[in-house]
Every structure is written in structure tokens, then in C-alpha cells.
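Residue-level structure breakdown
Letter by letter, the chains look like this.
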Amino acid sequence: MTEEQKQPRPANAAAGSYAFGSFDENQKELDRLKQQAAASETLERNILARAGLKAGMNVLDMACGPGVVSCLMARMVGDGRVTGVDLSADLLNEARAAAASAGLGNVRFEQANVYELDQAPGQVPGQFDFVYARFLFQHLEFPEKALAAALKVLKPGGVLAILDIDDDWLTLYPEPETFTSFTRRAAEAQQSRGGDRHIGRKLGTLLTRNGFAEVGVAVDTVTSADLGMKNFLDITTGFKLEQLTDREKLLGAAEEAEIRKLADDPEAWGFAAVFVATGRKP
Ligand SMILES: C[S@@+](CC[C@H](N)C(=O)[O-])C[C@H]1O[C@@H](n2cnc3c(N)ncnc32)[C@H](O)[C@@H]1O
């Protein structure tokens, strides 16, 4: 079997490097997504408020995953409303269950492709005040196409906010010997599926080149002191193994296990940055 056959493009190529359902450990990845969204609620609230999210707004969560942040935004907009869209029917069911158990009546979830937002059920051009895309753009093969789709569904004057990572802003101390090779291996694998683990630095330029005005980029930091080292490693390295081919996974798992030893080192420290780019529809 060739390497290509072992790691085919996802059945739905629109999913780029994130096709939930095709992972070896989908439940583990779902838990990681929830953990990642819940671990940083205060930071998330601050980021959203700074980006311009306000009570009364009509909001779109582009690629909402299990809906943890859609529900947070539903609480923040009060009498406004939130629509979460995603490709994955399983993640949308998780999101609906989360909203129901939180008793939120102002959030709904629809299956849609972020490249074709205006064609999704209930989406009409020019209706949203605020569109949020969190940890989506690192997975997209065609980021410009998603920006064009977001521009279409925003009202004039509405804001797009994108939160994402950049691998060069992940630091561990002491640095495990396998850190550089594991990080590079996972980044190359994600790139082979259309993703980009250096998207953070490019977001401002992408927004400016694709018709957004008043573009700004802020960098927020998260450390292992905020989350605990185990949590920090789960969130920052947990997904990377899923990107590797079967052959690479053996070596990758050994490399990752070396990195994970930091969870037992009381002196270890980790730092990651998230990039938050905002732009306004003229
Ligand atoms: C890393 S998850 C982030 C989920 C959520 N925004 C969060 O922060 O927890 C990436 C999400 O993008 C979704 N996705 C990837 N490509 C998509 C596309 N073309 N249209 C809609 N959703 C997509 C995946 O199904 C997944 O839920």
C-alpha cells in the first residue's frame, strides 16, 4: 500500500486538515476540543469583547465544532442570537446538546460548508454583525474562499474575528529533545492535507488583501501556569499525532511521549500564543 493510499484526502476535501470522524481517536479529539474551549473561558471572553462582540448582535460561529464557544457567545449577546455552522453532523449534535443542557434559546446550529456560507439553510447575504472563526483557518486549503464567504454574510460595518495559532510561538522549557522534530513532522503532515500551522502570522495580510478594512492583529498568550502542564500539553500537542501517517505515527508517538514527560516535571513551563485578527466589512 502506498503512503498516499494510507492517508487519503478526507472524503469531504472541504474539511482540509480537520475531518472529524476520520481520526483514529475521535472521542479523544472531541474531548480535547471541549477542553481547549473550556480551559480558557476568561481569555476567550476578553478576546471576544475586545474584537467587538456586544449584546444584541447577530453572530455567526464559522466551524463551531462542539459549540462550546457558540454557547459562550450566546450568553454574551443576551437578546442577540448566534448561529453555529460546521461540516460535521456529529459535532453539530454535540453542540445542540450543549445548548439544550445550558438552556440557551438564542443559539442554533446548521450544517454548512464555510466556503458556501450564503447557501446554507437560513443564511442570507449581509445579515451578521459579527463572524467568528476559531481554530478554523489553520485547517483550510482555500482561506481566501472562506474570507469571501464571510464577507458576503456580514452586514456592511460588521466584523470578522479569526483566532488561530502559529507553531513558532509554542515554547517548552526545558525543551524535550524530540520537540523540534515532532512539531515539524506534524506541521508537514497537516500541510499535506491543506492546512497551515504558520497561519497566525499571515492572518492580517490575508484580511487586508481580501477586502476587509480596519484590520488589526493582536497576540494573546497562554502558559502552563494558567492551565496546568498536563492540560497545556493536551491542548497544544494532543491533535498533532492525528495528522501523521500510520508509518509516521509509531515514531511520532514515541516523540510525543518524550514531550509528555514534562507533565511530571514541577519545574517545567510552557508558552503558546494565539493570534486574533479582526477586520471590518467596508
Ligand atoms: C479545530 S476544530 C475548531 C472548532 C471550534 N471552532 C472550536 O474552537 O472549538 C475545526 C472545525 O472546523 C470544521 N471545518 C473544517 N472545514 C470546514 C468547512 N469547510 N466548513 C465547515 N466546517 C469546517 C471541523 O468540522 C471542525 O469542527
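Heads up: these notes are all about the structure in this document.

About the cut-offs
Residues numbered from 1 in each chain as written. Predicted model: local features only at pLDDT ≥ 70, side-chain atom pairs only at ≥ 80, totals over all residues. Heavy atoms only, no water. Phe/Tyr/Trp six-rings, centres within 6.5 Å; stacked < 30°, edge-to-face > 60°. Lys NZ or Arg CZ within 6 Å of the ring centre and 35° of its normal. Core = buried A, V, L, I, M, F, W, Y, C linked by side-chain atoms within 4.5 Å. Buried < 20%, exposed > 50% of the residue type's maximum accessible area, 1.4 Å probe, protein only. Helix = DSSP H or I, 4+ residues; strand = E, 2+ residues; numbered from the N terminus. Contact = heavy atoms within 4.5 Å. Axes fitted to C-alpha atoms, helices over the stretch in contact; angles between N-to-C directions. Parallel < 35°, antiparallel > 145°, perpendicular 65-115°, else oblique. Left-handed = near helix turned anticlockwise from the far one by under 90°. Nonpolar A, V, L, I, M, F, W, Y, C, P; charged D, E, K, R; others polar.

Some points on the packing of aromatic side chains
As enumerated under the stated definition, the model contains four aromatic pairs in all. Directly above the aromatic system of Y115 lies the positively charged group of K145, at a separation of 5.0 Å from the ring centroid. Between K145 and the ring centre of F142, over which it is positioned, the NZ or CZ distance is 5.7 Å.

Observations regarding the nonpolar core
Judged by nonpolar contacts, the single largest core of 32 residues is most densely connected at M62, F137 and L160. Of all the elements in the fold, those that place two or more residues in this core are β1 (58-62), β4 (128-134), α6 (143-153), β5 (154-164), α8 (203-209) and β8 (269-280). Apart from the residues within four sequence positions on either side, M62 is in contact with V85, V114, L117, V131, Y132, A133, R134, L136, A146, A150 and L160. Among the nonpolar cores identified, the runner-up in size contains 31 residues, and I47, M76, L104 and A161 belong to it.

What about unusual backbone geometry?
Excluding glycine, most residues fall at negative phi; most peptide bonds, likewise, are trans. For the bond running from Y173 to P174, omega is -5°, close enough to zero to count as cis. Following the sequence through the fold, P174 ends up in the loop between β6 (170-173) and α7 (179-192). Backbone geometry places A63, a non-glycine residue, at a positive phi of 65°. Following the sequence through the fold, A63 ends up in the loop between β1 and α4 (68-77). Even without glycine at this site, E214 takes up a positive phi of about 50°. With respect to the helices and strands, E214 occurs in strand β7 (residues 213-223). Using a relative accessible area of 61% as the deciding quantity, one classes E214 as exposed.

Focus on the packing of helix α3 (residues 41-51) against α4
Taken N-terminus to C-terminus, the directions of α3 and α4 make an angle of 60°; their axes are 11 Å apart at the nearest point. As judged from the angle between their axes, α3 and α4 are oblique. The element α3 and its partner α4 pack so that their crossing is right-handed. Every residue of α4 that contacts α3 at E41, E44, R45, L48 and A49 is listed here: V69, L72, M73, R75 and M76. Its residues placed into classes, the contact of α3 with α4 shows six nonpolar, no polar and four charged.

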